[in-house]
Amino acid sequence: MTLIGPENPDQARLLRLLRDDGPRSRVELADALGLNRTRFIAEVDRLTAQGLVETAGPAASRGGRRSSLLRIAGQVRFGAVTVRAGQLDVALTDGELAVLSRLGEPVDVRSGPEAVVGRAVDLLGKLRAEAGLSRLTGVGVALPGPVAVREGAPLPAPALPGWHHFPVRDAIAAELGCPVQVDNDANVMALGELHAGTGRAFDDFLYVKLGSAIGCGLVLGGTLYRGATSGAGDIAHLRLTDDGPLCDCGNSGCVEAYCGDGALTREALAAAHGGRSTALADRLAEAGTLTAADVARAAAAGDPAAQTLVRDGARRLGQVLVGLVSFFNPAIVIIGGAAPGIGPVLLAEIRGVVYRRSTPLATGSMPIVLSDLDDRAALVGAARLISDQVFAAR
Ligand SMILES: [Zn+2]
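Residues numbered from 1 in each chain as written. Predicted model: local features only at pLDDT ≥ 70, side-chain atom pairs only at ≥ 80, totals over all residues. Heavy atoms only, no water.

Colleague: How should I be thinking about the packing of aromatic side chains in this particular structure?
Modeller: What describes a pair of aromatic rings is the distance from one ring centre to the other and the angle between the planes of the rings. Tallied over the entire structure, the rule returns 1 aromatic pair. Relative to F391, the ring of F78 has its centre 5.7 Å away and its plane inclined at 75°; by these criteria the two rings are edge-to-face. Placement of F78 in strand β4 (residues 78–83) and of F391 in the segment after α14 (376–390) is noted, with a sequence separation of 313 residues between them. Over the face of the ring belonging to Y258 we find R316, whose NZ or CZ atom lies 4.0 Å from the ring centre. (Phe/Tyr/Trp six-rings, centres within 6.5 Å; stacked < 30°, edge-to-face > 60°. Helix = DSSP H or I, 4+ residues; strand = E, 2+ residues; numbered from the N terminus. Lys NZ or Arg CZ within 6 Å of the ring centre and 35° of its normal.)

Colleague: Would you mind going over the nonpolar core with me for this structure?
Modeller: Proteins that are soluble and globular tend to have nonpolar side chains buried together. In this structure, L280, V333, I335 and I350 are the most contacted members of the largest nonpolar core, which totals 45 residues. Top contributing element to this core by residue count: helix α11 (residues 304–328), with 10 residues. Setting aside anything within four residues of it in sequence, one finds V333 in contact with L206, V208, L321, V325, M366, P367, I368 and V369. In terms of nonpolar packing, the next biggest core, distinct from the first, is built from 30 residues, V83, V117, V141 and L160 among them. (Core = buried A, V, L, I, M, F, W, Y, C linked by side-chain atoms within 4.5 Å. Buried < 20%, exposed > 50% of the residue type's maximum accessible area, 1.4 Å probe, protein only. Contact = heavy atoms within 4.5 Å.)

Colleague: Is there a simple way to explain the pattern of salt bridges in this structure?
Modeller: Between side chains of opposite charge, pairing is possible as soon as their charged atoms come close. Counting across every chain of the model gives 27 salt bridges. The partner of D21 in a salt bridge is R24, with the nearest N and O atoms 3.4 Å apart. Classification of D21 as partly exposed rests on a relative accessible area of 43%. Two residues, E105 and R119, come together in a salt bridge whose shortest N-O distance is 2.7 Å. Taken together, the residues E105 in strand β6 (residues 99–106) and R119 in helix α4 (residues 113–130) connect sequence positions 14 residues apart. It is possible to trace a salt-bridge network through shared partners that takes in R19, D20, R384 and D388. (Salt bridge = Lys/Arg side-chain N within 4 Å of Asp/Glu carboxyl O.)

Colleague: Is there a simple way to explain α11 in this structure?
Modeller: Because each turn of an α-helix spans 3.6 residues, side chains separated by three or four positions end up pointing in the same direction. Compared with the 36 Å implied by 1.5 Å per residue over 25 residues, the 35 Å span of α11 between its first and last C-alpha is a close match. N329 lies just past α11 and shows a positive phi near 50°. (Expected span 1.5 Å × (residues − 1).)

Colleague: What is the right way to read the coordination of the zinc ion from this model?
Modeller: Around a metal, the perfect tetrahedron of four donors has angles of 109.5 degrees, and the perfect octahedron of six donors has angles of 90 or 180 degrees. Around the zinc ion, the protein contributes the donor atoms H237 (ND1), C247 (SG), C249 (SG) and C254 (SG), which lie 2.0 to 2.3 Å from the metal centre. The sequence pattern formed by the donor residues of the zinc ion is H-x9-C-x1-C-x4-C. Pair check on accessibility: C247 and C254 agree, each one buried. (Donors = N, O, S within 2.8 Å, 3.2 Å for Na, K, Ca; no water.)

Below is the structure:
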């Protein structure tokens, strides 16, 4: 595998500036990097020769010499892979991490890592061929459970049965012949927020990922914080009560057992069977089962029982957040991954608990908002994950 990338910290900073801010004039870039003209030209020449940057036309004149715009080269293309419990998505992005094309299909993670990773490679290969590319610059992967980032493999998790220690990173790198980086989806979505979402305006924030698997990504000082063993933010199996509902992990009373999609559908079935919600009972009779999306739709349509279920889960999550914001003091909390339509009811309850029970020092001006990136957070974040590695000085 031919590795391309910056040769020194100045080249790395230049690439990241162009990735994050888009095309900029040579004069501005030299100023931003604090490099003299000769040195700047030399660094740009090296990056141009590697096919990493290119001229993008003349910049607006600032008087005196005209400067030309520089941008990440058109041949820089990142692949993104996101695996969820029932869905596989892949995308191709440009060097500024805008999604150019994407493909997705239902997938059962219980069919094992070989099958799912094989499909991801096939779909990426298809996008690569459609774009007429001989290789990808790198691929980022988001998995729905904790990941040993240095090993590029999942840790044991109920959401990924049979995936423990499977070399996801190395398997994809071997097939596609490019660098690959793997992380858990909450971290990856936090990176997506940092790059293209509300998080762009903040250096310190919490990204809370809801859905079938719950997680939290921590951005500290503008970078993702993973902790000593990549376990930071793994809040799914914090125990809220000693006698709570049974969790997939084998314990009881975990955050996920109260607030995950599994909990929502379990309670929704009970409400439908117990005659507490005609909307949910009708949906159950029609579809034979209930999903988190069904509860979200019923709640958005004003069904009181569905709204109560959403509020119960949100209240538990709010209690967890009270501790997290007091300890971490983020500038903002961004919540994503919830079923579409569930947001307003969820957010109102979480805000109520957090603002009522936190100290003013922690929450004085701290907004709690829903992510506006939808599932793009994970795709952009996966591209950001690998671009951080490719655009790091060797
Ligand atoms: Zn658990």
